[in-house]
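An overview of the molecular structure
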Amino acid sequence: MKPSHIEHIGIAVANLEESISYYENILGLECYAVEEVKDQKVRTAFFRLGDTKIELLESTDPDGPIGKFIEKKGPGVHHLAFAYRDVGEALKLAESKGVQLIDKEPRKGAEGLRIGFLHPKSTQGVLTEFCGE
Ligand code: ZN
């Protein structure tokens, strides 16, 4: 099973509005959606670049996953999301090969996509997300 492309790159930011302004005014991208994902305790902003999106993540709670990440490492690249046609199958296959999963089953992420995270201990240090319809 092979991913079709990098669905998005997740970037932890300290201030969503300031970061949107950087991506729009310096890089020339256009933010097409801002969305709060309550169970992840984040506000997100999306930019499209070819098949790949950039997902900015601002914490809405210091105890949430992005709040803790920024506290430990500061703002920066947080995760890579690979596009799979069947996220559930892709997660099962990874687990069968000994990968530690954060999500055993796909759950609903931003933009209504099905997502699941692999544990960075099992993914060469890069927090990895599988993402699909
Ligand atoms: Zn993501």
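Because the structure is a prediction, the values reported are computed rather than measured.

Calculation notes
- Residues numbered from 1 in each chain as written.
- Predicted model: local features only at pLDDT ≥ 70, side-chain atom pairs only at ≥ 80, totals over all residues.
- Heavy atoms only, no water.
- Helix = DSSP H or I, 4+ residues; strand = E, 2+ residues; numbered from the N terminus.
- Buried < 20%, exposed > 50% of the residue type's maximum accessible area, 1.4 Å probe, protein only.
- Contact = heavy atoms within 4.5 Å.
- Areas by Shrake-Rupley, 256 points an atom, 1.4 Å probe, with all protein chains shown as cover.
- Lys, Arg positive; Asp, Glu negative; His and termini not counted.
- Charge placed at Lys NZ, Arg CZ, Asp CG, Glu CD.
- Salt bridge = Lys/Arg side-chain N within 4 Å of Asp/Glu carboxyl O.
- Core = buried A, V, L, I, M, F, W, Y, C linked by side-chain atoms within 4.5 Å.
- Polar contact = N/O pair within 3.5 Å; in protein donor to acceptor, adjacent residues only side chain to side chain.
- Domains from an automatic or database assignment.
- Buried area = accessible area lost by both parts, 1.4 Å probe.
- Nonpolar A, V, L, I, M, F, W, Y, C, P; charged D, E, K, R; others polar.

This part is about the overall build of the protein. The number of helices and strands found in the protein is 3 helices and 8 strands. Its helices and strands in sequence order give the protein the pattern β-α-β-β-β-α-β-α-β-β-β, from N to C terminus. The principal-axis extents of the C-alpha atoms in the protein amount to approximately 45 × 30 × 25 Å. Across the 133 residues that make up the protein, the buried fraction comes to 43%. When contacts within the protein are restricted to residue pairs at least 6 apart in sequence, those whose partners lie at least 24 apart make up 51%. When the accessible surface of the protein is split by element, carbon and sulfur atoms take 51% of a total near 7,700 Å². Here the protein contributes 17 positively and 22 negatively charged side chains, and the mean placements of these two sets differ by 7 Å.

As a further point, take the pattern of salt bridges. Overall, the coordinates contain 6 salt bridges when judged by the stated rule. With a closest N to O distance of 3.0 Å, Glu58 and Arg43 form a salt bridge. Here Glu58, found in strand S4 (residues 52–59), pairs with Arg43, found in strand S3 (residues 42–49); they are 15 residues apart in sequence, far enough to count as distant. Its relative accessible area of 12% is what places Glu58 among the buried residues. Glu111 is the partner of Lys53 in a salt bridge, and the nearest nitrogen-oxygen pair spans 2.8 Å.

In globular proteins that are soluble, nonpolar side chains generally tend to be buried together. In terms of nonpolar packing, the biggest core is built from 11 residues, these being Ile11, Val13, Leu16, Ile20, Tyr23, Leu29, Cys31, Ala45, Phe47, Ile54 and Leu56. At the level of elements, strand S1 (6–13), helix H1 (16–25), S3 and S4 are the ones that each hand at least two residues to this core. Among all residues touching Ile20, those that are not within four sequence positions of it are Cys31, Val34, Ala45, Phe47 and Leu56. In terms of nonpolar packing, the next biggest core, distinct from the first, is built from 9 residues, Tyr84, Val87, Ala90 and Leu118 among them.

Moving on: the environment of Arg107. As for its placement among the helices and strands, Arg107 is situated in strand S6 (residues 107–108). Distance in space between the C-alpha atoms of Arg107 and Cys131 is 9.7 Å, their sequence separation being 24 residues. Side-chain polar atoms of Arg107 contact the side chain of Asp103, separated by 2.9 Å.

Take the domain arrangement of the protein next. We note that the domain assignment places domain 1 (9–78) and domain 2 (84–133) within the protein. For domain 1 versus domain 2, the distance between C-alpha centres works out to 20 Å. At the interface, 10 residues of domain 1 touch 5 residues of domain 2. Buried surface at the junction of domain 1 and domain 2, summed over both partners, amounts to about 610 Å²; 44% is from carbon and sulfur atoms. When the area that domain 1 buries against domain 2 is broken down by residue, the three leading residues are Glu35, Gln40 and His78, summing to 48%. On the surface where domain 1 and domain 2 come into contact, there are 3 residue pairs in polar contact (both at pLDDT 80 or more). When contributions to the side of domain 1 that touches domain 2 are tallied by element, the ones reaching two or more residues are strand S2 (31–37), S3 and S4. In terms of residues, the side of domain 1 that touches domain 2 owes the most to one element, S2, which gives 3 residues. Along the lines of polarity and charge, the residues of the side of domain 1 that touches domain 2 split into 3 nonpolar, 3 polar and 4 charged.

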